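A look at the structure
Chain by chain, the residues run as shown.
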Amino acid sequence: MDWNKLAEALIPDENVKDLEYYEKQYPQRDLPQGAQVTRLAPSPTGFMHLGNLYVALANERIAHQSGGVFYLRIEDTDEKRKVEGAVEVIHTSLKYFGVAFDEGADLCGEYGPYYQRQRAEIYHAYAKDLIKRGLAYPCFCTEEDLEKTREYQTENKLLPGYYGEFAKCRTLTEEEIYENLRAGKPYVIRLRSQGDVEVKHTFRDEVKGEITVTENNQDVVILKSDGIPTYHFAHAIDDHFMRTTLVIRGEEWLSSLPIHIELFKTLGFRLPKYGHNCSIQKIDGETRRKLSKRKDPEASLTFYREQGYHPGAVRTYMMTLLNSNFEEWLLKFPDKPLDEFKYSISKMGKSGALFDILKLNDISKTYMSKLSEEETYDFLKAWADEFGSDAQKAYFADKEYLLKVLALCMGIGGKKRRKDFICAKQAVETIGYFFDETFSPKYAYKFDKATLTKILTDFQTAYDYKDDCSAWFDKVKAVAEQNGFATDMKAYKANPEGYPGNVSDVAEILRIATTGLSNTPDLWTIMQILGEERVFARLQKATACL
RNA sequence: GGCCCCAUGGUCAAGCGGUUAAGACACCACCCUUUCACGGUGGUAACAUGGGUUCGAGUCCCGUUGGGGUCACCA
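Residues numbered from 1 in each chain as written. Chains lettered and ligands numbered in written order. Predicted model: local features only at pLDDT ≥ 70, side-chain atom pairs only at ≥ 80, totals over all residues. Heavy atoms only, no water.

1. Quick notes on the pairing of strand E1 (residues 37-40)
The two faces of E1 match: Val37 and Arg39 on one face and Thr38 and Leu40 on the other face are all buried. Where E1 meets strand E2 (residues 69-72), 4 bridges bridge the pair, whose relative direction is parallel. Bridge pairing in E2 links Val37 to Val69. (Buried < 20%, exposed > 50% of the residue type's maximum accessible area, 1.4 Å probe, protein only. Helix = DSSP H or I, 4+ residues; strand = E, 2+ residues; numbered from the N terminus. Pairing = 2+ DSSP bridges.)

Structure representation (structure tokens):
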């Protein structure tokens, strides 16, 4: 058979150049010893998964820690999944979490184009070469043909797929091929696999360690009928020419590793290092499963923006999942920048971690508690501008007032900072009672109406806005005493049955009456911030509502 | 189903043949406290299972079970 002629007939691409051209066009990178070139290669579906961030962070850390390069490549070979504006979503959502690329799609870089669709010429050049070498061939099988063999294979408990005797088009004669071509039948280009499934090799995976891989024997499709490469083929060519040294990717790729190994080998490329990380899981009733884009809102990166989780907190949480010794480091150096942590692939977990929002919340609380009130103001404002209600947006009109509220809720000036804020959404909601528009109390007291009325009126007659904190509390105590409540905690504890309650109960009643909540920061300060008029208004309202 | 990966408390996890089996989150109790928090102290709670190897096994080997992944002209 005339392979050269066949190659020309199959792939009539005029742009194709000699293979040496591409090697020269994309030379080895001039990088210091040990520098790693890594990448993120998502498909532009418009959806960014938490897993994308997870794997992006791992690759980014490795590259930048080693003085290497981290780039973005867009795997847009699947027409059906392509979504407009998806690349922008990738950039903006990753940037929000502090992941920045050195080069790649929509950025500069010498190793582009970084969109696979724009790289057709290179793929064609190599597919052609493979055909010329007799290592690839056209396949005219239809979907039904493939379906039939698959059925036969499963029925007979044979390895499914296109290989050996089942690879019908592998043995097509020259005449048959040209006849099909003349008939205008669509075709794909398949690899003529040289592998043998009986042969197993041990392979060193950077995260899993030694694993066994079976040789590939599938005549996988390398070029689809529209001339666009499949993932496998594009992966081999792109990561070779973009000079990737290390590929950290999800473990769903582990099973196609044999294909990639064979492809790199037959193309004459040096295999990069691989690390396959486990996917983040979630507990769903009784079973764990991968975080699902469809079922779990927290799988989407937009979820964290909508909720207003601080990007730094999400990043920190990701790091705890990413590296087992990270938390220990964080405990030791709570105020160092995250990038100073020495990340290592070998410390990546071998089993899939369960997503734990409680843990994220805890990390977020400590993270938020380290911000200044100005920073918090800016952060909350940015969130409210995008996601808040009109009433919430209005909070930010009076900055001075809001700053006072934030300082109180954050415990600024106190011995220890409070940890009331988890995310912007929750924070903005919890300060709602400071604003009349959003003050919608659901009074839930533990005492009867008569007691409550008495206490509230007693306090109203005693309260003086000008009182300082201790004078104010003396009055609370006085109100407690007037109503038979204990003011001496020791006495109360010794005989809890002897009193209707104690000072803390009185304080709680006042707290609920003025804020609608039983859980708020220091009441005296709240009243100071609210202002005399509003305090009385609220106490009256509360009394009226009894 | 075949192939591959994984297996320590409810969760994240230290551990690399000899430990009273760390730590963090969550939960509970107590302390601090005028209230709410923060903080502090303590507590409940784990090596999936059966065989080996070894003086000795969470750690090494094999089986079982369980979980996950994957078997496309999707990535």
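Moving on from the coordinates now.
2. A short note on the state of the cysteines
Simply put, the disulfide is a covalent bond whose two ends are the sulfur atoms of two cysteines. In this structure the tally under the stated criterion is 0 disulfides. This cysteine, Cys139, is not joined by any disulfide, and Cys169 carries the nearest cysteine sulfur, 3.8 Å off. With a relative accessible area of 2%, Cys139 lands in the buried category. Counting only cysteine sulfurs, Cys141 is the nearest neighbor of Cys169, a cysteine outside any disulfide, at a range of 3.6 Å. With a relative accessible area of 7%, Cys169 lands in the buried category. (Disulfide = S-S within 2.5 Å.)

3. Examining the sheet that holds E2
Within the open sheet, the 3 strands sit side by side as E1-E2-E3. Their pairing is parallel. Among the strands making up the open sheet, the edge pair consists of E1 and strand E3 (103-104).

4. With respect to the domain arrangement of chain A
Examined at the domain level, chain A breaks down into domain 1 (3-15 + 121-277), domain 2 (282-368), domain 3 (371-438) and domain 4 (449-544). Distance between the C-alpha centres of domain 2 and domain 4: 42 Å. (Domains from an automatic or database assignment.)

5. Section: the protein's contact with RNA strand B
Neighbouring RNA strand B are 56 residues, the closest being Ser43, Lys224, Arg418, Arg511 and Asn519. Restricting the count to atoms of RNA strand B within 4 Å of the protein gives a sugar and phosphate share of 75%. Between Ser43 and RNA strand B, the recorded distance is 2.5 Å, taken from a side-chain N or O atom to a sugar or linking oxygen. In this structure, Lys359 approaches RNA strand B through a side-chain N or O atom, which is 2.9 Å from a sugar or linking oxygen. Only helix H6 (143-155), strand E5 (188-191), strand E7 (209-214), strand E12 (287-290), helix H12 (326-332), helix H13 (357-368), helix H19 (469-482) and helix H21 (503-515) provide two or more residues apiece to the surface near RNA strand B. The class makeup of the residues in the surface near RNA strand B is 19 nonpolar, 12 polar and 25 charged. (Near = heavy atom within 4 Å. Polar contact = N/O pair within 3.5 Å; in protein donor to acceptor, adjacent residues only side chain to side chain. Nonpolar A, V, L, I, M, F, W, Y, C, P; charged D, E, K, R; others polar.)

6. Let's talk about the packing of helix H18 (residues 449-462) against H21
Where H18 contacts H21, the two axes come as close as 11 Å, and the packing angle between them is 80°. Between H18 and H21, the angle falls in the class roughly perpendicular. Of the residues in H21, those in contact with Leu452, Ile455, Leu456 and Phe459 of H18 are Val506, Ile509, Leu510 and Ala513. Broken down by class, the residue content of the contact of H18 with H21 amounts to 8 nonpolar, no polar and no charged. (Axes fitted to C-alpha atoms, helices over the stretch in contact; angles between N-to-C directions. Parallel < 35°, antiparallel > 145°, perpendicular 65-115°, else oblique. Contact = heavy atoms within 4.5 Å.)

7. Quick notes on H18
In this model H18 runs 20 Å from its N-terminal to its C-terminal C-alpha over 14 residues, within 8% of the 20 Å that 1.5 Å per residue would give. By the burial criterion, the buried members of H18 are Thr451, Leu452, Ile455, Leu456, Asp458, Phe459 and Gln460. The inward-facing, buried residues of H18 contact H19, H21, helix H22 (523-530) and helix H23 (532-544). (Expected span 1.5 Å × (residues − 1).)

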